[in-house]
Amino acid sequence: MSYTASVVGASGFAGGELLRLLADHPEFSLVQATSRSKTNRTVGHAHPNLRDLDLRFSTPDDLESVDVLFAATPHGVSMAEIDRFWDSADTVVDLSADFRLPSEALYDEYYDGHSRPELLESAVYGLVELTREELPGADLVATGGCNATATILGLLPLVDAGLVDGTQQPVVDVKVGSSEGGAGGGEASSHPERSGVVRPYAPTGHRHEAEIAAFLGLDVAFSVHAVDMIRGASATWHVFPDEPVSKRDLWGWYRERYEDEPFVDIVAGGGGVYRYPEPKTVAGTNRAEVGFALDPSNGRVVVISAIDNVMKGAAGQAVHAANVALGIEETAGLNFRGLHPVGAP
Ligand SMILES: NC(=O)c1ccc[n+]([C@@H]2O[C@H](COP(=O)([O-])OP(=O)(O)OC[C@H]3O[C@@H](n4cnc5c(N)ncnc54)[C@H](OP(=O)(O)O)[C@@H]3O)[C@@H](O)[C@H]2O)c1
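Scoring rules and cut-offs
- Residues numbered from 1 in each chain as written.
- Predicted model: local features only at pLDDT ≥ 70, side-chain atom pairs only at ≥ 80, totals over all residues.
- Heavy atoms only, no water.
- Domains from an automatic or database assignment.
- Salt bridge = Lys/Arg side-chain N within 4 Å of Asp/Glu carboxyl O.
- Polar contact = N/O pair within 3.5 Å; in protein donor to acceptor, adjacent residues only side chain to side chain.
- Helix = DSSP H or I, 4+ residues; strand = E, 2+ residues; numbered from the N terminus.
- Nonpolar A, V, L, I, M, F, W, Y, C, P; charged D, E, K, R; others polar.
- Pairing = 2+ DSSP bridges.
- Axes fitted to C-alpha atoms, helices over the stretch in contact; angles between N-to-C directions.
- Contact = heavy atoms within 4.5 Å.
- Buried < 20%, exposed > 50% of the residue type's maximum accessible area, 1.4 Å probe, protein only.
- Parallel < 35°, antiparallel > 145°, perpendicular 65-115°, else oblique.
- Left-handed = near helix turned anticlockwise from the far one by under 90°.
- Near = heavy atom within 4 Å.
- Areas by Shrake-Rupley, 256 points an atom, 1.4 Å probe, with all protein chains shown as cover.

K.L.:
What is the right way to read the domain arrangement of the chain from this model?
P.N.:
The figure often quoted for interface size is the accessible area lost as the parts come together. Its domain assignment divides the chain into domain 1 (3-143 + 311-326) and domain 2 (146-307). Domain 1 and domain 2 are separated by 25 Å when their C-alpha centres are compared. Between Glu-17 and Arg-231 there is a salt bridge whose closest N-O contact spans 2.9 Å. At the surface where domain 1 touches domain 2, the tally comes to 9 residue pairs in polar contact (both at pLDDT 80 or more). Looking at the side of domain 1 that touches domain 2, the elements with two or more residues in it are helix H1 (13-23), helix H4 (104-110), helix H5 (128-131) and helix H11 (311-326). At 6 residues, H11 tops the list of elements feeding residues into the side of domain 1 that touches domain 2. Among the residues forming the side of domain 1 that touches domain 2, the class breakdown is 10 nonpolar, 5 polar and 6 charged.

This is how it looks when you write it as structure tokens:
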């Protein structure tokens, strides 16, 4: 074990996944898991899949000294606590939106401003497929939002290829599971209200628009539906390129962008039941599936991507980014597959 780690906000959904990953990580030793409401309870009390861990929640008021602190807390906590987090850890990996956006102006527009805007420039976005070169040595990593992660991974090859630039406004629709709302949930996420829905909860104006525009360099037409699954985010883009493209072009661009990526699989047609990206097949893993289809009648390119929102969209991405930031083998602790067959995730 080379590095010690703590998880602040460890009783939540993303925090629980961090505990699961760090407990079995070959290079991390998990020393602290915090929860204000469950202090002194075993972590298995909140996360029954972790009953075998000999670890109890402690208060975030007394942070132990560690190498890496993972913060899986609601928006606003990390920006208020960052000095204390840094007092206890050399590296902070924040899963909230507090340090994702590159400018204070964007926080004024999409959130309620920012109390530590001077740190935004040095914070590194934690989506390794995008920021692998910037992460080594970073002391503040901000992992991407789950909807933004699914969206960015889908379109990245077309942006890199120059097929999509600022002149088009691609349309993307994301379907997301209820765990996105966190363990606290709320009325909209309660079982009777959520079960069976296809609820367009953010047809316009979703906060992740800002993140997508900042990291893809494009304005996007972005809508999100809450659907009846627990885990998963599935993004579908509709792109109308200026020039006609072929299926061969698309395969070439996606292969070029992703063939060396350890956690991205291209799933684009072919045989079998699962011919396009599917949240169910990546549930519980750090893997992303991306794929595409071409409509020859009008030149439309449909791009589809699927991730597990609490893994590739949160905890898995955070551990992946920490691995790269610390110079650990990139796939350490994350190289496991999903289940098949499996029930609704
Ligand atoms: N769920 C997802 O799919 C997802 C995806 C990407 C990013 N994220 C982001 O990850 C963060 C955590 O999300 P989540 O879904 O895991 O939320 P959650 O289930 O509601 O968990 C929040 C955690 O933070 C703790 N907490 C709350 N207020 C705190 C405070 N002031 N100080 C210290 N700890 C505090 C809570 O426990 P106590 O109240 O007991 O302390 C709990 O452990 C959020 O910022 C979210 O936006 C979530």
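K.L.:
Teacher, can you tell me more about the sheet that holds strand S8 (residues 171-176) here?
P.N.:
Within a sheet, adjacent strands bond to each other through the backbone by hydrogen bonds, running parallel or antiparallel. The strand order across the open sheet formed by 7 strands is S9-S10-S8-S11-S14-S13-S12, and the pairing between neighbours is mixed. Looking at the sheet topology across the chains shown, the edges are occupied by strand S9 (198-202) and strand S12 (264-266). Ignoring strand direction, the axes of neighbouring strands in this sheet form an average angle of 20°. With 3 bridges connecting them, S9 and strand S10 (residues 221-227) associate as antiparallel partners. The residue of S10 that forms the bridge with Ala-202 is Val-224. On the sheet, helix H6 (residues 146-160) packs against S8, S9, S10, strand S11 (233-239), strand S13 (288-295) and strand S14 (300-307) and is oriented at approximately 135° with respect to S14.

K.L.:
I'm lost on the pattern of salt bridges in this one. Help?
P.N.:
Opposite charge on two side chains permits pairing when their charged atoms draw close. Overall, the coordinates contain 14 salt bridges when judged by the stated rule. Ionic pairing is found between Glu-211 and Arg-100, a salt bridge with its closest N-O pair at 3.4 Å. Residue Glu-211 is located in helix H8 (residues 208-216), and its partner Arg-100 is located in the loop between strand S5 (89-94) and H4; the two are separated by 111 residues in the primary sequence. The shortest N-O distance in the salt bridge between Asp-265 and Arg-287 comes to 2.9 Å. Here the residue Asp-265 occupies a position in strand S12, and Arg-287 occupies one in the loop between helix H10 (279-282) and S13, the gap between them amounting to 22 residues. Among the residues examined, Asp-265 registers a relative accessible area of 28% and is labelled partly exposed. Look at Arg-287 and you get buried, because its relative accessible area is 17%. Ionic contacts of the salt-bridge type, sharing partners, join the residues Glu-17, Arg-20, Arg-231 and Asp-308 into one network.

K.L.:
It is not clear to me how the sheet that holds strand S7 (residues 140-142) should be interpreted in this structure. Could you clarify?
P.N.:
In space, the 7 strands of this open sheet follow the order S3-S2-S1-S4-S5-S7-S6, with parallel pairing throughout. Among the strands making up the open sheet, the edge pair consists of strand S3 (57-58) and strand S6 (124-125). With respect to the sheet, H11 is in contact with strand S1 (3-8), strand S2 (28-34), strand S4 (66-71), S5 and S7, its orientation differing from that of S4 by roughly 150°.

K.L.:
What exactly am I supposed to notice about the packing of H6 against H8 here?
P.N.:
Between two packed helices, what matters for the description is the angle formed by their axes and the separation of those axes. Contact geometry for H6 and H8: axes closest at 10 Å, N-to-C directions at 30°. Judged by the angle between their axes, H6 and H8 are roughly parallel. The chirality of how H6 crosses H8 is right-handed. Note on element contacts: H8 touches H6 through His-208, Glu-211, Ile-212, Phe-215 and Leu-216, opposite Cys-146, Asn-147, Ala-148, Thr-151, Ile-152, Leu-155, Leu-156 and Val-159. Among the residues making up the contact of H6 with H8, the classes are represented as 9 nonpolar, 3 polar and 1 charged.

K.L.:
I would appreciate a short explanation of the site of the ligand in the present structure.
P.N.:
The full set close to the ligand counts 28 residues, and Ser-11, Ser-35, Ser-37, Thr-73 and Ala-183 are the nearest of them. The contact in question runs from an oxygen atom of the ligand to an N or O atom on the backbone of Phe-13, over 3.0 Å. At 2.8 Å, a side-chain N or O of Asn-309 approaches an oxygen atom of the ligand. Burial of the ligand by the protein chains amounts to 82% of its free accessible area of 890 Å². Taken together, the elements giving at least two residues each to the shell around the ligand come down to H1 and H11. Partitioned by chemical class, the residues of the shell around the ligand number 12 nonpolar, 13 polar and 3 charged.

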